[in-house]
Amino acid sequence: MKETLKAAGNPDKLREYVIELHKALEFDRETYSITLKYVADKLVLVHDTFADYLDQCQVQEWNTPEGLASNIMEDCMDVLIPKWIRIQIFYIDEEGGLQANVYIEDRQPSWDNDALISRSY
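Read on for a plain summary of the structure.

Rules behind the numbers
Residues numbered from 1 in each chain as written. Predicted model: local features only at pLDDT ≥ 70, side-chain atom pairs only at ≥ 80, totals over all residues. Heavy atoms only, no water. Helix = DSSP H or I, 4+ residues; strand = E, 2+ residues; numbered from the N terminus. Contact = heavy atoms within 4.5 Å. Polar contact = N/O pair within 3.5 Å; in protein donor to acceptor, adjacent residues only side chain to side chain. Expected span 1.5 Å × (residues − 1). Buried < 20%, exposed > 50% of the residue type's maximum accessible area, 1.4 Å probe, protein only. Arc of directions from axis to C-beta. Core = buried A, V, L, I, M, F, W, Y, C linked by side-chain atoms within 4.5 Å.

In this section: the environment of lysine 23. Inspection of the secondary structure puts lysine 23 in strand β2 (residues 18-27). Considering only alpha carbons, one finds lysine 23 and threonine 35, 12 residues apart in sequence, at a separation of 6.7 Å. With residues up to four places along the chain from it excluded, the contact list for lysine 23 reads Tyr32, Ser33, Ile34, Ala51, Leu54 and Asp55. Looking at lysine 23, its side chain comes within polar contact range of the side chain of aspartate 55, at 2.9 Å.

Next up on the list: helix α1 (residues 47-58). The terminal C-alpha atoms of α1, which comprises 12 residues, lie 17 Å apart, in line with the 16 Å expected from a rise of 1.5 Å per residue. Residues of α1 that are buried: Thr49, Phe50, Tyr53, Leu54 and Cys57. Buried residues along α1 cover an arc of 140° about the axis, so they all sit on one side. In this structure, the buried residues of α1 make contact with β2, β3 (30-39), β4 (43-45) and α2 (65-80).

In terms of nonpolar packing, the biggest core is built from 28 residues, with Ile34, Leu36, Tyr38, Leu45, Phe50 and Ile72 touching the most fellow members. Elements supplying a minimum of two residues to this core: β2, β3, β4, α1, α2 and β5 (84-93). If we ignore the near neighbours within four places in the chain, the residues touching phenylalanine 50 are Leu5, Leu21, Ile34, Leu36, Leu45, Ile72 and Cys76. In terms of nonpolar packing, the next biggest core, distinct from the first, is built from 5 residues, Val39, Trp111, Leu116 and Ile117 among them.

In structure tokens:
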């Protein structure tokens, strides 16, 4: 599935900025809202390929939303090598009414710009 993700050169390497992509997926009787947020380094993700990648995730079987989030994180990190990245999965179990948020985050060891990533967009 990772092969689906494509990257292009960062068009503005002089500035740090947050890129955020969202998509909702249906797994059985649960709705997963998936958000990718990252600060690019040398590469940016081609947006359409992320949507295609998530469509492929939808046909896989995932035991937990945490497992799905971890897989998305690893694949995106391998392709982008971003300065900072966060995957959020919000899901609703329609049958039981349970709502949950899962966040997985990582950053390059020397990168620190908490003011940028703490802003609410």
